[in-house]
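Next come the chains, spelled out residue by residue.
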Amino acid sequence: MKFYLVGGAVRDNLLGLKVEEKDWVVVEETDKSMIENGFKSVGKDFPVYLHPKSKEEYALARREKKILPGHKGFSFETQETVTLEEDLYRRDITINAIAKDSEGNFIDPFGGQEDIKRKIIKHVSNAFIEDPLRVYRVARFATKLKVFDFTIDEGTLGLMTSISESKELEALSFERIWKETEKSLGYKNSSEYFKILNEVNALSTFPELKDNFEESIGRLEKIEKIFDDKELKWAALNFNNRSLEDLPIPNKFKNFLKSSQEFKKSLNGKISAKNILEGLMKINTFRDLNHALKVIDFIFSLNERIDLKIEWNSLINDLHKLKPEINNLNNGIEIKEKIYKERLLKIEEYLK
């Protein structure tokens, strides 16, 4: 059986990065022969198999042809006559189109190793434009490799812009776009991803972001220098964005953004014990302390001109420890009111 390590594993190994997962391409085989060799079929859209021992993914080499709009609008040919070079030709960028055989030899028909030396992200062929998801994938790769000073080839940027202007992006599901976006939020320079999307006119997926881009990207750049947290980065980018409720973004991102907006709103205008306590209650401080401290740290790291200096850890700890005398109170409402008043008094002490 002829098989080759391909894609990100080869690229990251050449860059000295940790290889997260390995993908393999098999040539001169069929579905029948793969099964006979003990591989388990797991592919939905095209033939992919799990190795019987390593459980890594092995795919039959394939040709592809564009037949419909969108990321999945392709037909595939996986006959045993498909060559490794034909399989590599269908890939997005040259640094992802390098293969390595079992003896450690590189197969690099499109100059990927040279582009790694030149620190260039470049499309393999003009067939690049057939898959609109590549706009987001290339933006993500450029973000990941920003630490190595990689840049995107001008011709590739031109093709990305052409895809955006063709309306092909509208055929993509938001879930697939979000997958690339969330990965990019995990990189050190997340702002690069959105800068590239803005440059190639591909920000239409994110409501309001394009209209407030400079302000939004400025917040993100500030936060990504302090925190390595996807939720905080997303909240910084969309802090003034009110049009996210209908997007299928994971709830942890939505909830943190909403909590941050609500807490900041509570501190707008005149600072008072009541406003502070209401803000702390809105972010569930007395049920989820870690979440609340994360929100507070985020808000004050944004430096939104809030004239308030409080040792929040100490204050919240004191508020948690309050145990008002409730023996003479008749019901839950009176108990809650007593606790509320005691907390107000404690906050007033801190404001003094």
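The structure we're discussing is the one just above.
Residues numbered from 1 in each chain as written. Predicted model: local features only at pLDDT ≥ 70, side-chain atom pairs only at ≥ 80, totals over all residues. Heavy atoms only, no water.

A. Local environment of helix α14 (residues 312-321). Among the residues making up α14, those that are buried are Trp312, Leu315, Ile316 and Leu319. Along α14, the residues classed as buried sweep out an arc of 90° about the axis, all on the same side. (Buried < 20%, exposed > 50% of the residue type's maximum accessible area, 1.4 Å probe, protein only. Helix = DSSP H or I, 4+ residues; strand = E, 2+ residues; numbered from the N terminus. Arc of directions from axis to C-beta.)

B. View of the side chain of Ser260. In this structure, Ser260 sits in helix α11 (residues 251-267). Owing to a relative accessible area of 0%, Ser260 belongs among the buried residues under this scheme. Every residue in contact with Ser260, bar those within four places of it in the chain, is listed here: Phe239, Val295, Phe298 and Ile299. (Contact = heavy atoms within 4.5 Å.)

C. Local environment of the side chain of Arg91. As for its position among the elements, Arg91 is in the loop between α3 (84-89) and β8 (99-100). For Arg91, a relative accessible area of 16% gives the class buried. Aside from chain neighbours lying at most four places away, what touches Arg91 is Val6, Gly7, Val25, Asn96, Ala97, Val124 and Arg134.

D. Just the pattern of salt bridges, in detail. In the structure shown here, the tally under the stated rule is 22 salt bridges. One salt bridge in this structure joins Glu231 and Lys294, with 3.3 Å as the shortest N-O distance. Taken together, the positions of Glu231 in helix α10 (residues 230-237) and Lys294 in helix α13 (residues 289-302) put the pair 63 residues apart, joining distant regions of the chain. The buried category is assigned to Glu231, whose relative accessible area is 17%. Judged by its relative accessible area of 25%, Lys294 is partly exposed. A salt bridge links Glu262 to Lys282; its shortest N-O distance comes to 3.7 Å. Highlighted residues: Glu262 in helix α11 and Lys282 in helix α12 (residues 273-282), separated in sequence by 20 residues. Salt bridges linked by common partners bring Arg11, Asp12 and Lys144 together as one network. (Salt bridge = Lys/Arg side-chain N within 4 Å of Asp/Glu carboxyl O.)

E. A look at the environment of Ala127. As for its placement among the helices and strands, Ala127 is situated in the loop between β10 (120-121) and α5 (134-144). Given a relative accessible area of 26%, Ala127 falls into the partly exposed group. Separated by 14 residues in sequence, Ala127 and Phe141 have C-alpha atoms that sit 19 Å apart.

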